[in-house]
Amino acid sequence: MTDVLEKTAAPPVAPRRAHAFTAHGMTVTDDYAWLKDANWQEVLRDPTVLNADIRHHLEAENAYTESLLGHTAPLQKKLVAEMRGRIKEDDSSVPSPDGPFAYFRKFREGGQHELFGRTPRDGGEAQIVLDGDALAESHDYFKFGGSRHSPDHSLVAWSADIKGSEYFTIRVREWQSGRDFDDVVEETDGAVVWATDCKSFFYVKLDDNHRPMQVWRHRLGTGQADDVLVYEEQDIGWFTHIHESTSGRFCVISGGDHETSEQRLIDLAHPEDEPRLVAPREMGVQYSLADRGDELFILTNADEAIDFKIVTAPLAAPARANWRDLVPHRAGIYVLDHDLYSGHLVRLERANALPAIIIRDLTTGEEHAIAFDEAAYSLDTMGSYEFDTKNLRFSYSSMTTPSEIYDYDMAKRTRTLRKRQEIPSGHNPADYVTTRIMARAQDGAEVPISLLHRREFLRDGRAPLLLYGYGSYGHAIPASFNASRLSLVDRGFVYAIAHIRGGTDKGWGWYLDGKREKKTNTFDDFSACARALIDAKYTSTKRMVGHGGSAGGMLMGAVANRSGDLFAGIVAEVPFVDVLNTMLDDQLPLTPPEWPEWGNPIESEKDFRTILGYSPYDNVAAKSYPAVLAMAGLTDPRVTYWEPAKWIARLRATMSGGGPVMLRTNMGAGHGGASGRFNRLDEVAIVYAFALWAVGLAEKGEV
């Protein structure tokens, strides 16, 4: 990297503008607070109104990053070509039957966006109703929010975001003519649930702070101003979402935060009825439901069922007092999800970071499992439009095995392979090895690490390694197939996933051990994984690159502060690094619902001190740091652009050596980065080129 740095112009210097605040008797300085646009809500809707000084700084940072990584442009181009070569360009989903039709999604050759269509159930000519490429033509950014055909199959409600800010506009299209109605419903979360008579639908509207707090009913042929407010959540810490129940009978209004939930039902045959509460919210109690006839099947952590259990309740009287255990709680066996069909209950479980599907015959009570033999793999159920079916569709993959879609006859216990992910440029799973090792954290916890490498790999400590982590909100990182990773692995990298605390990889307790006052376990676990990989000679110090995004970007910031000496580079995508300031601002979209995850530093001095103790931005120190690449999206409502901007500014002004530290802001996208399946590859290529550069491989001709 030295030769490149010698040719690079000086990095941008963000001016310090004195700013401080005092809370709980403690004064915190924040001299880069000015990078947050005072009109940030308007910037989400229209990024052209961004303050000129802020825009100038972000553009200067982009130019600096380009000056450092621009020489890798040929490598990035090569990486994109490889990754694109592994994508079946005219790929399509397995059609999902519903009544007289089977619905599917597909791409055309060279297309960036999905097409939605259907065929007659028993075969026949396909009809495309939504052409994402055509709809995206006049927009720099375009992303579908969702599509849902009406119960009578004559209409489709669809939504799209054209700014990257996750404000989705809903429209309704007629299948036969392919034309949109005049109905336009704006500033929603994108989801739609149809009434049975197909004359109206439910949706969730986002408020001025981008929070989903209200459920509305829209009647076709009327303006949005005439829509009816169906439900409004009063707690700003709770978000509200809707979905169709398993039987299709109800619209489920689901509300909650990260610790507590509550459900309401609207009979779709009577859309004007008031929502009916299932069980009142109780602090710390979570539940989700499925319906079958006059009975509800409820997945819950009630009664201290840390890893969740399944209970039943009568639909007519579904309160907590009437819940009866069907699948009792078993410590260490985490029930992730449940799905219900007319004759079978399906649940997805995970134990010791490995998933299994369990099927229960509701007539006999007999159960059986679907499981696989690889050391690490991913397994998921895919749902169905139809309730009265014996067919279960599920997906399987591992870090070496491309995704496979199966139809499984729950009565006969037979499986049919419906689709295997094609890798047009070729892929031989036998050329790769997936394995798993355990790292011992500083408190003795055993942390799983999933690994992917070439079969000819030599474990001598010389290989570069990319270590990926997340560790928040109970999200587990599956050991699934990702074709893009092969571009690193084929260049000699080991790819590793750290299944750290804060996720539910080893159950709900694994999550609880990595949140709030125990948050630092997440960071220490990741560092322990890095050291275990070094000790096992999969890599060595300064041959490793850490990678994480969003809350995983916070992980990267904390690790850079705590154990950056282990790493050659750190990639933090849309990183949540300004934790204290964000959790103190109750006007930001995600702040109130995040308090159960991180703590509320406004109300609690203890939470204030805890967050201040680890928040990456607040703990930047005068020490040497690895090379850092932070990536942001200007219209990101989840992790706002100013978090990484402030972090990089403070890093550059404070660190005593190492680096360089870089910021790349996508000026036309949000949390998910660029729209379009191929444009997204450009950003992946930047990450991989940085990783190769950080370990000294990007200058070599063979890459």
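Since the model is a prediction, treat every value here as computed from it, not as a measurement. (Residues numbered from 1 in each chain as written. Predicted model: local features only at pLDDT ≥ 70, side-chain atom pairs only at ≥ 80, totals over all residues. Heavy atoms only, no water.)

Asker: How would you explain the overall build of the protein chain if you had to name every residue and give the values?
Answerer: Counting its secondary structure elements, the protein chain contains 14 helices and 40 strands. At 25 Å, the protein chain has a C-alpha radius of gyration in line with the 27 Å of a compact globule built from 703 residues. With the C-alpha coordinates aligned to their principal axes, the bounding extent of the protein chain is approximately 70 × 55 × 50 Å. Here the protein chain, with 703 residues, has 59% of them falling under the buried criterion. (Helix = DSSP H or I, 4+ residues; strand = E, 2+ residues; numbered from the N terminus. Rg over C-alpha atoms; globule rule 2.2 N^0.38 Å. Buried < 20%, exposed > 50% of the residue type's maximum accessible area, 1.4 Å probe, protein only.)

Asker: Which residues make up the confidence of the model for the protein chain, and what values go with them?
Answerer: Averaged over every residue, the pLDDT of the protein chain is 93; the share at 70 or more is 97%. The model gives residues 1-6 a pLDDT under 50, and that stretch makes 9 contacts with residues more than four places away or in other chains. (pLDDT = per-residue confidence, 0-100. Contact = heavy atoms within 4.5 Å.)

Asker: I'd love a proper account of the packing of aromatic side chains, names of residues and values included.
Answerer: A complete count under the given rule lists 27 aromatic pairs for this structure. Each ring, one from F457 and one from Y538, has its centre 5.9 Å from the other, and the planes form 5 degrees; the classification is stacked. Of this pair, F457 sits in the loop between strand 32 (446-454) and strand 33 (465-468) while Y538 sits in the loop between helix 8 (520-535) and strand 35 (544-549), placing them 81 residues apart in sequence. Grouping residues by exposure puts F457 and Y538 together as buried. Among the aromatic residues, ring-to-ring pairing joins F372, Y377, F394, Y396, Y406 and Y408 into one connected group. Seen from the ring of Y406, R415 lies directly overhead, with NZ or CZ sitting 5.7 Å from the centre. Its end group placed over the ring of W510, R501 keeps NZ or CZ at 5.6 Å from the ring centre. (Phe/Tyr/Trp six-rings, centres within 6.5 Å; stacked < 30°, edge-to-face > 60°. Lys NZ or Arg CZ within 6 Å of the ring centre and 35° of its normal.)

Asker: A description of empty space enclosed by the protein should follow, citing residues and the corresponding values.
Answerer: Inspection of every chain in the model, using the stated rule, returns 2 cavities of 30 Å³ or more. The space that makes up the largest cavity amounts to roughly 40 Å³. Here the residues of the lining of the largest cavity sort into 6 nonpolar, 1 polar and 1 charged. Of the pockets and cavities examined, the second largest cavity occupies roughly 30 Å³. (1 Å grid on protein atoms, 1.4 Å probe; cavity = no way out; pocket = protein on both sides within 12 Å on 5 of 7 lines; lining within 4 Å. Points joined across faces, edges and corners; volume = space filled by probe spheres on them. Nonpolar A, V, L, I, M, F, W, Y, C, P; charged D, E, K, R; others polar.)

Asker: Pulling in residues and values, what's your account of the nonpolar core?
Answerer: Counting 131 residues, the largest nonpolar core has I449, L467, F526, L533, W647 and F690 as its most contacted members. The element contributing the most residues to this core is helix 14 (residues 679-694), with 12 residues. When neighbours within four sequence positions are excluded, L533 is seen to be in contact with I437, I449, L451, L465, L467, A496, Y538 and T539. (Core = buried A, V, L, I, M, F, W, Y, C linked by side-chain atoms within 4.5 Å.)

Asker: Describe in detail the side chain of S96, supporting the description with residues and values.
Answerer: Its place among the elements puts S96 in strand 3 (residues 96-98). Excluding anything up to four places from it in sequence, S96 contacts F101, A102, Y103, Y385 and R393.

Asker: Pulling in residues and values, what's your account of helix 9 (residues 551-563)?
Answerer: Taking 1.5 Å of rise per residue, the 13 residues of helix 9 would be expected to cover 18 Å, and the 18 Å separating its terminal C-alpha atoms lies within 8% of that figure. For helix 9, a buried count of 12 out of 13 residues is recorded, marking the element as mostly surrounded by other parts of the structure. Taken together, the buried positions of helix 9 are A551, G552, G553, M554, L555, M556, G557, A558, V559, A560, N561 and S563. (Expected span 1.5 Å × (residues − 1).)

Asker: Account for unusual backbone geometry, naming residues and giving values.
Answerer: The residue after G659, namely P660, is reached through a cis peptide bond having omega 0 degrees. Note on placement: P660 falls in the loop between strand 39 (657-658) and strand 40 (661-666). One non-glycine residue with positive phi stands out, namely E304, at about 60 degrees. Secondary-structure assignment places E304 in the loop between strand 20 (295-300) and strand 21 (309-314). A relative accessible area of 74% places E304 in the exposed class. Its identity as a non-glycine residue notwithstanding, K542 has a phi of 65 degrees, on the positive side. Residue placement: K542 occurs in the loop between helix 8 and strand 35. Classification of K542 as partly exposed rests on a relative accessible area of 40%.

Asker: Help me get a handle on the pairing of strand 20, residues and values and all.
Answerer: Regular strands place their side chains on alternate faces of the sheet. Most of strand 20 sits out of view: 5 of its 6 residues are buried. In the sheet, strand 19 (residues 287-292) pairs with strand 20 via 6 bridges, with the strands oriented antiparallel. By the bridge assignment for strand 20, D291 is matched with L296. Bridge count for strand 20 against strand 21 is 6 bridges, and the pairing is antiparallel. Paired with T300 across the bridge in strand 21 is K309. (Pairing = 2+ DSSP bridges.)

Asker: Just give me the short version of the environment of L206, but keep the residues and values in it.
Answerer: When you line up the elements, L206 lands in strand 12 (residues 200-206). Along the backbone, L206 and Y167 are 39 residues apart, and their C-alpha atoms lie at a distance of 7.5 Å. Once residues lying within four places of it in the same chain are set aside, the contact partners of L206 are E166, Y167, E187, T188, D189, R211 and P212.

Asker: Please give an account of the sheet that holds strand 34 (residues 494-498) that cites residues and values.
Answerer: One open sheet accounts for 8 strands, arranged 31-32-34-33-35-36-38-40; its pairing is mixed. At either margin of the open sheet sits one strand with a lone partner, and together these are strand 31 (432-440) and strand 40. Averaged over neighbouring strand pairs, the angle between their axes works out to 20 degrees when direction is ignored. Sheet topology note: the strand 36 (residues 567-573)/strand 38 (residues 627-633) ladder contains 5 bridges and is parallel. Bridge pairing in strand 38 places I570 opposite V628. The sheet strands contacting helix 3 (residues 52-69) are strand 38 and strand 40, and the helix crosses strand 40 at an angle near 120 degrees. (Axes fitted to C-alpha atoms, helices over the stretch in contact; angles between N-to-C directions.)

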